[in-house]
Every structure is written in C-alpha cells, then in structure tokens.
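Listed below are the residues making up each chain.
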Amino acid sequence: MTEMHVEVEGRTLKISNLDKVLYPQTGTTKGEVLHYYAQVAPVLLPHLQGRAVTRIRWPHGVQAGSFFEKNAPAGTPSWVRTAEVPTTGSRSGKGDDTIRFPVCDDLATLTWLVNLAALELHVHQWQVTQAGRPRKPDRLVIDLDPGEPAGLHECCRVALLVRDALGERGLDCSPVTSGSKGLHLYAALPRRLDSDGTTELAREVAEGLQEQHPKLVTATMTKAKRPGKVFLDWSQNAGSKTTISPYSLRGRERPSVATPITWDEVEAGADDPLGLDQFLFEEVLERVAEHGDLFFPGH
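The name given to the chain in an unreviewed UniProt entry is ATP-dependent DNA ligase, and the organism recorded there is Nocardioides gansuensis.

Printed below as a string of structure tokens:
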C-alpha cells in the first residue's frame, strides 16, 4: 500500500493508494477523486458547513461493495469536529441513543473523509450548533425520482410545476441534478419549522401535484405505482433523513456529481428529452470555473 503525507491547512494527513482505480469504467483513480474534491471545495464546503455528514464508502471501487457510515470511525483525528446527535429508532453502534457524526467544515476534514473512499457525502436539512445540538431545518428539499421509462426530461417538466407550487407558498427553490437519475429542489426556509413541519409542507406540495397531474406525478412511495411517473419524495425532510450534498460525487459507474443548475437548463430539459443530462466531475469543475456556485434560491 503506497502512502504519503500531505499538509492541508496546517494538518498533516496520511494519504494512501492514489493510483487505485475507483471508477473502472472511466479509469478514474483515488488521486483524481481527491483532486476533484480539493478543487471543488470552495463551493462544496458551504453546503456541508455545520451539517452532520453520513458517508457512503467504496473502499475497493464502485464495482465492489459499499457501506453507509454515520458514526465517526475509529481512528478519527482529534481535530475533526464531531457532533453527538440524538437518534431514535436507529442503531448508533454505541448502545445508546446518539450518533457521533463528523462535521465537515474545512478542507482538511474533507480530504480525510475522501481518503477513506467516502465518495458520497449526505447531509440533513438541518445544521448543528457549536455545542453539537441539532437546529431546526433551514431548508426544504424535494427529490424528483423518475420511474422508468420516465427520466430526466420528465423530472424537468415536474420541477417547473414544483417551482410554481413552492412559489405560491412564498418559497424560491434551486435545482440540482441528483448525479443519478433525477433532480433535487431546495428551498430556503425564511421561517423555521421543525422537521415534522417541513415534511408536511413537502408532502402537501407533492400530493397536490399528484392530484393535479396524476399521469405524470406520484407522491406514493410504492415502487409499483411509479413506472412512467416522477415520484416526489417529500420524506427526505424528516429529521433522520439525508440527501446527497450538492457537488458530491456519486458511486455510479461513471463519476457523476450532484450538480447545481439554472432554471434555464431545467426549461431546456423540459422542452427537449436530450436537453439536459447528468454531469461528470470534469464538467462540474469547468462549470464552477465559469459560473461559480449556481446553487441559490431563485437563480
């Protein structure tokens, strides 16, 4: 196992296996993945700031197995910020009712996580206080998940409907490709509801659009009812649920990224089945270099 030590923001990190191929289809190595995250960090870190991070790790590449990790692993450096978050109905791995999450506020922590082959970084819709206590959610998210043969084109059509429905409630939203099949829509919350309140608001929007557009939209989780429709997953607003962070890689066959986009791009995707596609990490770096961070409500 090849190892090297690097200095990142005054921290000394041991980096290993830079030549290991993590995406066999494209030959993308761990070193390239680390480079991507270092390059995209200025726009990624604000979306991780203050949020407990759940990781999905692929130690042997995306062709092999992966695992979710919530608790900070054994050997976590003392300088990594962590938060003891209360949990109900899930295993904390500690025999009590808390999970000790890492919080990724800086490049050193990000580099440490990625070196553990944490390709995907998932966060809640709430942040933690400096003392580690969960705040009320500061945003609402609706995940647009297409059931085949529906795809990104149908998601774009539905995204415009969701934008209008949220706009009627005084909320601007920002679109992000999921890096997988669909889209995520985020709305900043000017008044802070609790997670039950944001979940109910998202559910109300989803069920209203299901009633108005039953051939295109479903708010029902049952997979048998999804073919050809876009499932509006409102449940990711629950306090225990997480969503892939904007600018995170995905553990797919190719190194795609959850990518903030413009409403003009959504409209192009709604008009043309080939008008929008998921983005690979090289394309995302080009977009960031040209546009900066496109993620903000109302763009």
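I keep staring at the overall build of the chain and nothing clicks. Help me out?
The helix and strand tally for the chain stands at six helices and 18 strands. Here the C-alpha radius of gyration of the chain, 19 Å, is about what a compact globule of 299 residues would show, namely 19 Å. Dimensions of the chain, computed from the C-alpha atoms along their principal axes, are close to 55 × 40 × 35 Å. Here the chain, with 299 residues, has 54% of them falling under the buried criterion. Element-wise, carbon and sulfur atoms account for 48% of the exposed surface of the chain, whose accessible area totals about 13700 Å².

Looking at this structure, I do not really get the packing of aromatic side chains. What am I missing?
Any aromatic ring pair is given by two values, namely how distant the centres are and how the planes are angled relative to each other. On inspection of all chains with the given rule, the structure shows three aromatic pairs. Ring centres of Tyr-36 and Tyr-37 lie 5.2 Å apart, and the angle between their planes is 65°; this geometry places the pair in the edge-to-face category. Judged by relative accessible area, Tyr-36 falls into the buried class, the value being 0%. For the ring pair Tyr-186 and Phe-295, a centre distance of 5.2 Å and an interplane angle of 65° mean the geometry is edge-to-face. In this pair, Tyr-186 is assigned in strand β12 (residues 183-188) and Phe-295 in the segment after α6 (281-291), connecting sequence segments 109 residues apart. For the pair Tyr-186 and Phe-295, one class covers both residues: buried. Taken together, the ring pairs connect Tyr-36, Tyr-37 and Phe-281 into an aromatic cluster. Directly above the ring of Trp-263 sits Arg-163, whose terminal nitrogen or CZ lies 4.6 Å from the centroid. Note that Arg-287 overlies the ring of Phe-279, its terminal NZ or CZ placed 4.3 Å from the centroid.

Is there a simple way to think about the domain arrangement of the chain in this case?
How big an interface is tends to be expressed through the accessible area that disappears when the partners come together. Here the domain parsing of the chain yields domain 1 (3-135) and domain 2 (136-240 + 254-291). Domain 1 and domain 2 are separated by 25 Å when their C-alpha centres are compared. When the area that domain 1 buries against domain 2 is broken down by residue, the three leading residues are Tyr-36, Gln-125 and Arg-135, summing to 41%. Linking domain 1 with domain 2 are one salt bridge, by the criterion used here.

Before we go on, may I ask you to explain the packing of helix α1 (residues 30-48) against α6 in this structure?
Two quantities define a packed helix pair, namely the angle between the axes and the distance from one axis to the other. Across the interface, α1 lies against α6 with an axial gap of 10 Å and an inter-helix angle of 25°. Relative to α6, α1 is oriented roughly parallel. Crossing of α1 against α6: the hand is left-handed. From α1, Glu-32, Tyr-36, Gln-39, Val-40 and Val-43 reach across to α6, where they touch Phe-281, Val-284, Leu-285 and Val-288. When its residues are assigned to classes, the contact of α1 with α6 shows seven nonpolar, one polar and one charged.

Explanation requested: the pairing of strand β11 (residues 173-177) in the structure shown.
A regular strand places its side chains so that they alternate between the two faces of the sheet. Most of β11 sits inside the fold, with five of its five residues counted as buried. Along β11, one buried face is formed by Cys-173, Pro-175 and Thr-177 and the opposite face, lined by Ser-174 and Val-176, is buried too. Here five bridges tie β11 to β12, and the two strands are oriented antiparallel to one another. The partner of Pro-175 across the bridge, within β12, is Leu-185.

Mind showing me how you'd approach the nonpolar core here?
Nonpolar side chains tend to gather and get buried jointly when the protein is soluble and globular. By size, the foremost hydrophobic cluster in this structure holds 72 residues, and its most contacted members are Tyr-36, Tyr-37, Leu-110, Leu-121, Leu-144, Val-162 and Leu-232. Take this core: its biggest share by element is ten residues, from α1. Here this core spans two domains, since at least three of its residues come from each of domain 1 (3-135) and domain 2 (136-240 + 254-291). Residue contacts for Leu-232: discarding those within four places in its chain leaves Ile-142, Asp-143, Leu-144, Val-158, Val-162, Ala-206, Leu-209, Val-217, Thr-218 and Ala-219. In terms of nonpolar packing, the next biggest core, distinct from the first, is built from eight residues, Ala-52, Phe-101, Trp-126 and Val-128 among them.

The rules behind these values
Residues numbered from 1 in each chain as written. Predicted model: local features only at pLDDT ≥ 70, side-chain atom pairs only at ≥ 80, totals over all residues. Heavy atoms only, no water. Helix = DSSP H or I, 4+ residues; strand = E, 2+ residues; numbered from the N terminus. Rg over C-alpha atoms; globule rule 2.2 N^0.38 Å. Buried < 20%, exposed > 50% of the residue type's maximum accessible area, 1.4 Å probe, protein only. Areas by Shrake-Rupley, 256 points an atom, 1.4 Å probe, with all protein chains shown as cover. Phe/Tyr/Trp six-rings, centres within 6.5 Å; stacked < 30°, edge-to-face > 60°. Lys NZ or Arg CZ within 6 Å of the ring centre and 35° of its normal. Domains from an automatic or database assignment. Buried area = accessible area lost by both parts, 1.4 Å probe. Salt bridge = Lys/Arg side-chain N within 4 Å of Asp/Glu carboxyl O. Axes fitted to C-alpha atoms, helices over the stretch in contact; angles between N-to-C directions. Parallel < 35°, antiparallel > 145°, perpendicular 65-115°, else oblique. Left-handed = near helix turned anticlockwise from the far one by under 90°. Contact = heavy atoms within 4.5 Å. Nonpolar A, V, L, I, M, F, W, Y, C, P; charged D, E, K, R; others polar. Pairing = 2+ DSSP bridges. Core = buried A, V, L, I, M, F, W, Y, C linked by side-chain atoms within 4.5 Å.

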